[in-house]
Amino acid sequence: MRARMALILSSTRCELREVLLKNKPDEMLRISAKGTVPILHLPDKVIDESLDIIAWAMEINSKKVHPCSEAEQIQSNYLIQLFDSKFKHHLDRYKYSSRFGADTAKHQHECKLLLEKLEESIDPNPWIFGKMISLLDISILPFIRQCKIANPAWFLSQDFKKIIHLLEQFETSELFELAMQKFETWSPNSKNKLIFP
Ligand SMILES: N[C@@H](CCC(=O)N[C@@H](CS)C(=O)NCC(=O)O)C(=O)O
């Protein structure tokens, strides 16, 4: 979802190949053996980390994204890394506690502490840095949304109201709708190329 949003925001079109993670095509594993999505296959290289795909797309065109001041850039980098590492770690264990043999309540609590920390450091209007959506918004909101989906009643009853409101802004945006479109699964026999966005 993060990579799709970066492509949309940078007005970069590409052929999109939707895959089933439980049935990864050889074509996918041949270009990136680690077997995770997203993967961007360029003529001269393969980029298989979403944050790197976002960075690549922004090199092409970042006009629709908030231009960060130096201080915002530092805050943004810090929070993106925090959510990609610590928050994601606890989120996975909160969402899939049986798969990880994890304690749901403990990991839910750790997610809550990180969301409270975020709540203290932002003042969205309507996006984190103001009128324009930023790389921080698109990098962390998909994870925060997964945290909500794990237990909506719990999430919506928490005190981090600015985050709840920001997530609502995200989930009702045109960008979200475009990025969440469903596509048919690709196979080597697929006749038509699917161009996105
Ligand atoms: N740090 C990676 C994580 C990618 C990742 O874990 N993607 C998940 C889907 S959202 C995946 O491909 N999992 C592999 C699987 O379930 O087999 C990134 O953001 O690109």
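These remarks concern the structure in this document.

Definitions and limits used
Residues numbered from 1 in each chain as written. Predicted model: local features only at pLDDT ≥ 70, side-chain atom pairs only at ≥ 80, totals over all residues. Helix = DSSP H or I, 4+ residues; strand = E, 2+ residues; numbered from the N terminus. Expected span 1.5 Å × (residues − 1). Bend = angle between axes of the 7 residues up to and from the residue. Buried ≥ 20, exposed ≤ 12 C-beta atoms within 10 Å, placed from the backbone. Contact = placed C-beta atoms within 7 Å. Arc of directions from axis to C-beta. Core = buried A, V, L, I, M, F, W, Y, C linked by C-beta atoms within 7 Å. Near = placed C-beta within 6 Å. Nonpolar A, V, L, I, M, F, W, Y, C, P; charged D, E, K, R; others polar.

1. Quick word on helix α7 (residues 135-150)
Helical geometry note: an α-helix holds 3.6 residues per turn, so side chains three or four residues apart project in the same direction.
1) Next: For α7, with 16 residues, the first-to-last C-alpha span of 24 Å sits near the 22 Å given by 1.5 Å per residue.
2) Next: The largest bend in α7 is about 35 degrees, located at Leu141, with the proline Pro142 one to four residues further on.
3) Next: Those residues of α7 not exposed but buried are Leu135, Leu136, Asp137, Ile138, Ser139, Ile140, Leu141, Ile144 and Cys147.
4) Next: In this structure, the buried residues of α7 make contact with α1 (2-9), α3 (50-60), α4 (70-95), α6 (104-121), α8 (152-156) and α9 (161-171).

2. Concerning α9
1) Next: The complete set of buried residues in α9 reads Ile163, Leu166 and Phe170. With its buried residues spanning 60 degrees around the axis, α9 presents them on a single face. The exposed residues of α9 that point more than 90 degrees off its buried face are Lys161 and His165.
2) Next: Packed against the buried residues of α9 are α6, α7 and α10 (174-179).

3. A word on the nonpolar core
1) Next: In this structure, Ala6 and Cys111 are the most contacted members of the largest nonpolar core, which totals 38 residues.
2) Next: Every element with two or more residues in this core is listed here: α1, α3, α4, α6, α7 and α9.
3) Next: Here this core gets seven residues from one element, more than from any other, and that element is α7.
4) Next: With residues up to four places along the chain from it excluded, the contact list for Cys111 reads Phe87, His90, Leu91, Tyr94 and Cys147.

4. A closer look at the site of the ligand
1) Next: Taken together, Leu21, Gly35, Thr36, Val37, Pro38, Glu49 and Ser50 make up the full set of residues near the ligand.
2) Next: Partitioning the shell around the ligand into residue classes produces three nonpolar, three polar and one charged.

The values are spatial; any link to function lies outside them.
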